[in-house]
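Here are the chains, one letter per residue:
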Amino acid sequence: MTSLYLIAVFALLIAWQKTRKFALYFLPWLIFAVTYDSMRFYPNYMVGSIDVRGLYEAEKSLFGIAAQTPTEFQAIADHSQMMIPGEYFSVHHAALPDLMAGFFYLCWVPVPVGFALYLFSKKEYRWFVRFSWTFLVVNLIGFVGYYIHPASPPWYVMEYGFSPILGTPGNVAGLARFDELVGYPVFHSIYCHNANVFAAVPSLHAAYMLITTFYAAKSHQHWFTTAAFAIICMGIWWTAVYSGHHYIIDVLLGIMTAIIGILLMEKVVFKRFLNRNSQEVH
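Residues numbered from 1 in each chain as written. Predicted model: local features only at pLDDT ≥ 70, side-chain atom pairs only at ≥ 80, totals over all residues. Heavy atoms only, no water.

A few words on the pattern of salt bridges. All chains considered together, the criterion is met by five salt bridges. The shortest N-O distance in the salt bridge between Asp 98 and Arg 177 comes to 2.9 Å. On the criterion of sequence distance, the pair formed by Asp 98 in helix H7 (residues 95-106) and Arg 177 in helix H11 (residues 176-182) is long-range, its members being 79 residues apart. Among the residues examined, Asp 98 registers a relative accessible area of 6% and is labelled buried. Relative accessible area serves as the criterion here: at 14%, Arg 177 is assigned to the buried category. (Salt bridge = Lys/Arg side-chain N within 4 Å of Asp/Glu carboxyl O. Helix = DSSP H or I, 4+ residues; strand = E, 2+ residues; numbered from the N terminus. Buried < 20%, exposed > 50% of the residue type's maximum accessible area, 1.4 Å probe, protein only.)

Shown next as structure tokens:
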């Protein structure tokens, strides 16, 4: 239903001459939103088996932390002696990092969208187009990853164990501590609408701000803007693990997804397109 509303709004913007340019430029964002919304009609877990234990064991093998206290042993889902980072942070957390985690994660979509609007408002159309289409392509690569390897996040294992339960509602996990600190259900209101919790790989949380930071640097934005984006980017990577929403493996695969999308667009698509335009001019 959301997709139909978005398409209807787009059609109205296209129909009116004064907003037609805006609508055409923002076409990649419409495709992104419609594609994301449409995936709920045919979830990834209908295509392949859900990885619940495999990622957990891989994370423990690569990044495991030895448990030392009774509280730490109690947090371990498979009752072994090693904790995944998500389990470690579920025991070891504090108010300041909880607040920082919440603020970083709130930047996940608004900052990229805000950057796109900024480029458009400043009439930096060349960079707007490159950023927007790359953002779309990275998302499409990530969505393909969801269907290739349906996987549960760390909080699912910590909450439900190793059996996949279809229809499991979204969970704020460690971000609940932010809601408690600010006294308002910020993340509860966001994650209660999450219809598919088995789309953790790759972490597009890790990808979005990396794309944004890259194009801020590439388009020669003020150094402070690029530095701020870089800090937010790394903050989101840390929050994804600290909050129990992603494994470190998910984050690394999300970073790889962003790099693949950027290289594909910059070294193949845009390079070819720009070279062809240059030849036509001459």
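Next, the rest of the story.
Nonpolar side chains collect at one region of the surface, where Phe 41, Tyr 42, Met 46 and Val 47 lie side by side and expose about 440 Å² of accessible area between them. You can see Met 46 is positioned in the loop between helix H3 (27-38) and helix H4 (53-63). (Patch = residues over 30% accessible without salt bridge, like charges linked within 9 Å, V, L, I, M, F, W, Y side chains within 5 Å. Areas by Shrake-Rupley, 256 points an atom, 1.4 Å probe, with all protein chains shown as cover.)

Sites flagged by UniProt as "transmembrane region" (unreviewed entry) map to residues 99-120, 127-148, 197-216, 223-241 and 247-265. Summarising residues 247-265: 95% helix, 0% strand, and an end-to-end C-alpha distance of 27 Å. (UniProt positions renumbered as here; feature names shortened; annotations may be inferred.)

Turning our attention to the domain arrangement of the chain. Domain annotation for the chain reports domain 1 (1-41) and domain 2 (49-275). For domain 1 and domain 2, the distance between their C-alpha centres works out to 25 Å. On the side of domain 2, 19 residues touch domain 1, which itself brings 12 residues to the contact. Both sides of the domain 1 and domain 2 interface together cover about 1500 Å² of buried area, and 86% of this is carbon and sulfur. Among the residues domain 1 hides against domain 2, the three largest losses belong to Tyr 25, Trp 29 and Phe 32. Together they make up 43% of the total. Put simply, domain 1 and domain 2 have zero salt bridges between them. Run the count over domain 1 and domain 2 and you get three residue pairs in polar contact (both at pLDDT 80 or more). Listing elements by their share of the side of domain 1 that touches domain 2, those giving two or more residues are helix H2 (17-25) and H3. (Domains from an automatic or database assignment. Contact = heavy atoms within 4.5 Å. Buried area = accessible area lost by both parts, 1.4 Å probe. Polar contact = N/O pair within 3.5 Å; in protein donor to acceptor, adjacent residues only side chain to side chain.)

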